[in-house]
Amino acid sequence: MARIVSLLPSATEIAVALGFGPDLVGRSHECDFPPEMTALPRLTATKIEKGLPSRLIDDRVQAIVTAGLSCYEVDAAALRALQPQVVLTQSQCAVCAVTPDDLIGALTDWQGNDPVLVSLAPDDLSDVWGDFGRVAQALGVPERAGPVVAGLKARLAAITATAAAQPTRPTVAAVEWIDPLMVAGNWVPELIEAAGGISLFAKAGQHSPWAEWDALVAADPDVIVMMPCGFQIPQTLGDLSPLTQRPGWQDLKAVREDRVFVADGHHFFNRPGPRLVESAEILAEILHPDAFCFGHEGRGWVRLARGTQAA
């Protein structure tokens, strides 16, 4: 048995999917799925106050980064006390989660054998599937990854096949940050395509780009899906005014046709792990409700009512 610390929610879910749930001994402050993971010692904390609107979060992050600091704190003493053999982290985004640089102090003068550091940095779905293999390899059981990934790919392929048979492919603006406006890139365009939509603005495998309001108005998407990074549905619902109060919002096709939705970005779209398939299911339910019903409505996504949009 290995002693594993995961400082990345998606890595925690990958480890559990590979059968290593019982071997996890520590987690990040955001590792909350499966629910039993919350019982593990929490080894990190964010320097960003909870509950801030997206604009203030961005301002705070920019100030921290400009000062050359990290957005996170690592409890070095607690990490050392756990004596992990493997530490799972990421190097894709210094704003989203703890990076190897954040661990330098915690790993300095480590007593005993240094833990194996597995740093994940997926850009697209192919990279995500590869991360299962990288984690399995580091844990000494490379053979476990294949069947798990095959099962996830089969579920996604079934969605793709049904979506391909639908008579329409709506254009989709996937909003990853509200203020300033950012659209979801990396693997999200692939999920949109698999669910039977056409991704606007962002390209698969490329980092999420900032977007101009005028560009959104000009594109006039058929569907808008809000999935802010790190936000659950209630927080997003409380932070929509920077978009919904803009001149021209009510004239957008998606707004006029009641096709604006809020999804749980924190637990689904922003976590490049096994639940990206459920993220595709959410999109399929949104884009083609007559063809798909996975039961995610109300939990993974909600429709934004016209009255709420005007608030």
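Everything discussed here concerns the structure shown above.
Residues numbered from 1 in each chain as written. Predicted model: local features only at pLDDT ≥ 70, side-chain atom pairs only at ≥ 80, totals over all residues. Heavy atoms only, no water.

1. Remarks on the pairing of strand 2 (residues 24-27)
As a reminder of what qualifies: In this analysis, strands are considered paired if DSSP registers two or more bridges between them. Only runs of H or I of at least four residues qualify as helices and only runs of E of at least two qualify as strands under DSSP, and these elements are numbered from the N terminus. Orient the strands so they point away from the viewer; a crossover is then right-handed if the path from the first strand over the helix to the second runs clockwise.
The sheet contact formed by strand 1 (residues 4-6) and strand 2 spans 3 bridges and is parallel. Bridge pairing in strand 2 places Ser6 opposite Arg27. Of the crossover connections in this fold, the one passing from strand 1 over helix 1 (residues 9-17) to the parallel strand 2 is right-handed.

2. Quick word on the side chain of His266
Test applied: Distance and chemistry together define a polar contact, namely a pair of N or O atoms within 3.5 Å, with one atom able to donate a hydrogen and the other to accept it when in protein, and with adjacent residues in sequence counting only for side-chain atoms on both sides. Any two residues whose heavy atoms approach within 4.5 Å at even a single point are treated as in contact.
Turning to its location among the elements, His266 is positioned in helix 12 (residues 265-269). A polar side-chain atom of His266 sits 3.3 Å from a polar atom in the side chain of Asp32. Contacts of His266, omitting those with residues within four sequence positions, involve Glu30, Asp32, Pro228, Gly230, Phe231, Gln232 and Arg271.

3. A closer look at the packing of helix 6 (residues 145-164) against helix 13 (residues 276-287)
In plain terms, the rule: In this analysis, axes come from line fits to C-alpha atoms, helices being fitted only over the stretch in contact, and the angle between any two N-to-C directions falls in the range 0 to 180 degrees. Each angle is binned into one of four classes, with values under 35 degrees roughly parallel, values over 145 roughly antiparallel, values of 65 to 115 roughly perpendicular, and all other values oblique. When residues are sorted by character, Ala, Val, Leu, Ile, Met, Phe, Trp, Tyr, Cys and Pro go into the nonpolar class, Asp, Glu, Lys and Arg into the charged class, and all the rest, Gly among them, into the polar class.
Relative orientation of the contacting elements helix 6 and helix 13 amounts to 10°, with a least axis distance of 10 Å. Our classification of the angle between helix 6 and helix 13 gives roughly parallel. Contact residues: helix 6 offers Leu152, Arg155, Leu156 and Ile159, while helix 13 offers Val277, Glu278, Ala280, Glu281 and Ala284. A per-class count over the contact of helix 6 with helix 13 returns 6 nonpolar, no polar and 3 charged.

4. What about the packing of aromatic side chains?
In plain terms, the rule: Here a pair means two rings of Phe, Tyr or Trp (six-membered ring of Trp) with centres within 6.5 Å. Their orientation is stacked below 30 degrees between planes, edge-to-face above 60, and tilted elsewhere. Burial classes follow relative accessibility: with a 1.4 Å probe on protein chains only, a residue under 20% of its type's maximum area counts as buried, one over 50% as exposed, and anything between as partly exposed. When the NZ atom of lysine or the CZ atom of arginine is within 6 Å of a ring's centre and also within 35 degrees of its normal, the charge is said to sit over that ring.
One pass over the structure, following the stated rule, counts 5 aromatic pairs. When the centroid spacing of 5.2 Å and the interplanar angle of 65° are considered together, the rings of Trp177 and Phe231 count as edge-to-face. Here Phe231 lies in the loop between strand 10 (223-226) and helix 9 (233-237) and Trp177 lies in strand 7 (residues 171-177), a separation of 54 residues in the sequence. Each member of the pair Trp177 and Phe231 is classed as buried. With a centroid separation of 6.5 Å and 25° between ring planes, the pair formed by Trp213 and Trp249 is classed as stacked. Of this pair, Trp213 sits in helix 8 (residues 213-219) while Trp249 is found in the loop between helix 10 (241-244) and helix 11 (253-256), placing the two residues 36 residues apart along the sequence. On the basis of relative accessibility, which here comes to 0%, the residue Trp249 falls in the buried class. We note Arg275 situated over the ring of Phe33; from NZ or CZ to the ring centre the distance is 3.6 Å.

5. Side note on the pattern of salt bridges
Convention followed: What makes a salt bridge here is a side-chain nitrogen of Lys or Arg within 4 Å of a carboxyl oxygen of Asp or Glu, nothing more.
Under the counting rule described, the total for this entry stands at 9 salt bridges. The closest approach of N and O atoms between Arg271 and Asp32, which form a salt bridge, is 2.7 Å. Here the residue Arg271 occupies a position in the loop between helix 12 and helix 13, and Asp32 occupies one in the loop between strand 2 and strand 3 (44-46), the gap between them amounting to 239 residues. Under the relative-accessibility criterion, Arg271 is labelled buried at 3%. Residue Asp32 is classed as partly exposed on the basis of its relative accessible area of 22%.

6. So, the pairing of strand 7
Put simply, side chains in a regular strand alternate between the two faces of the sheet. By the criterion of burial, strand 7 is predominantly enclosed, with 6 of the 7 residues buried. As judged from the 2 bridges shared by strand 7 and strand 9 (residues 198-199), these two strands associate in the parallel manner. Note on strand 9: the bridge partner recorded for Thr171 is Ile198. Sheet analysis places strand 7 next to strand 8 (residues 182-183), joined by 2 bridges and oriented antiparallel. Bridge pairing links Val175 to Val183 in strand 8. Hairpin connection of strand 7 to strand 8: 4 residues between the antiparallel strands.

7. A few points about helix 1
Along helix 1, 7 of the 9 residues are buried, which leaves the element largely enclosed by surrounding structure. All of the buried residues in helix 1 are Pro9, Ser10, Ala11, Thr12, Glu13, Ile14 and Ala15. Where helix 1 is buried, its residues contact strand 1, strand 2, strand 5 (86-90), strand 6 (116-120) and helix 5 (125-138). Once helix 1 finishes, Gly19 follows within two positions and takes phi at roughly 95°, a positive value.

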